[in-house]
Amino acid sequence: MTLDEVIAHCLAKPGARETYPWGDGELVCKVGGKAFAFIGLAAEFVSVKCGASADEAAEWRERFPEDITVGAYFGRYGWNRVQLGGAVPEDEVRELLDRSYEAVVAKLPKAKRPPVPA
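Residues numbered from 1 in each chain as written. Predicted model: local features only at pLDDT ≥ 70, side-chain atom pairs only at ≥ 80, totals over all residues. Heavy atoms only, no water.

Chemist: Looking at this model, I keep getting lost on a nonpolar patch on the surface. Mind explaining?
Modeler: Together, Y73, F74 and Y77 make up an exposed nonpolar region whose accessible area comes to about 380 Å². Structurally, the position occupied by F74 is in the loop between strand 5 (68-70) and strand 6 (79-83). (Patch = residues over 30% accessible without salt bridge, like charges linked within 9 Å, V, L, I, M, F, W, Y side chains within 5 Å. Areas by Shrake-Rupley, 256 points an atom, 1.4 Å probe, with all protein chains shown as cover. Salt bridge = Lys/Arg side-chain N within 4 Å of Asp/Glu carboxyl O. Helix = DSSP H or I, 4+ residues; strand = E, 2+ residues; numbered from the N terminus.)

What follows is the structure, encoded as structure tokens:
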């Protein structure tokens, strides 16, 4: 999956917003004010929530040790960094993006959840 495809996939989600809180080098995709994907624009990676715990996220790292590493700063909360263009199949990158988005939306108060498309 290319960087442009990852960005397009994230921003196509209901309620998704594009933010640059640390400058132009990293795009943070948010829903309801909460991040669901950190996208490294120069290094071509995406950090996503890969489970409810660090243990669940570790399962992904075991499957793809060369391309999935502990997410900086948030790794203990189940976030992993996924290198794009590596061994992780495109459909699994999409699955990780979708799961991260869904995990964030599920924890949002109902008033902040995006409307469900018909």
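Chemist: Please clarify how the nonpolar core should be interpreted in this entry.
Modeler: Most often, soluble globular proteins keep nonpolar side chains buried together rather than apart. In terms of nonpolar packing, the biggest core is built from 29 residues, with V6, F36, A37, I39, V46 and L97 touching the most fellow members. Listed by contribution, the elements that provide at least two residues to this core are helix 1 (3-11), strand 2 (26-31), strand 3 (34-40), strand 4 (45-49), helix 2 (54-63) and helix 3 (90-107). Ranked by residue count, the leading element in this core is helix 3, at six residues. (Core = buried A, V, L, I, M, F, W, Y, C linked by side-chain atoms within 4.5 Å. Buried < 20%, exposed > 50% of the residue type's maximum accessible area, 1.4 Å probe, protein only.)

Chemist: Teacher, can you tell me more about the sheet that holds strand 5 here?
Modeler: Two modes of strand pairing occur in sheets, parallel and antiparallel, and in both the strands are linked by backbone hydrogen bonds. Read across the open sheet, the six strands follow the order 1-2-3-4-6-5; overall the sheet is antiparallel. Of all the strands in the sheet, the pair left with one neighbour each is strand 1 (16-19) and strand 5. Adjacent strand axes in the sheet meet at a mean angle of 25°, parallel and antiparallel pairs treated alike. As judged from the four bridges shared by strand 3 and strand 4, these two strands associate in the antiparallel manner. Of the residues in strand 4, the one forming a bridge with A37 is V48. With respect to the sheet, helix 2 is in contact with strand 5 and strand 6, its orientation differing from that of strand 5 by roughly 145°. Against the sheet, helix 3 touches strand 2, strand 3, strand 4, strand 5 and strand 6, its axis set at about 150° to strand 3. (Pairing = 2+ DSSP bridges. Axes fitted to C-alpha atoms, helices over the stretch in contact; angles between N-to-C directions. Contact = heavy atoms within 4.5 Å.)

Chemist: Would you mind going over the packing of helix 1 against helix 3 with me for this structure?
Modeler: When two helices pack together, their arrangement is captured by the angle between the axes and the distance separating the axes. Between helix 1 and helix 3, the least distance of the axes is 11 Å, while the angle of their chain directions is 35°. At the point where helix 1 passes helix 3, the crossing takes the right-handed sense. Across from E5, V6, H9 and C10 in helix 1, the residues of helix 3 making contact are E90, V93, R94, L97 and D98. Across the contact of helix 1 with helix 3, the residue classes break down as four nonpolar, one polar and four charged. (Left-handed = near helix turned anticlockwise from the far one by under 90°. Nonpolar A, V, L, I, M, F, W, Y, C, P; charged D, E, K, R; others polar.)

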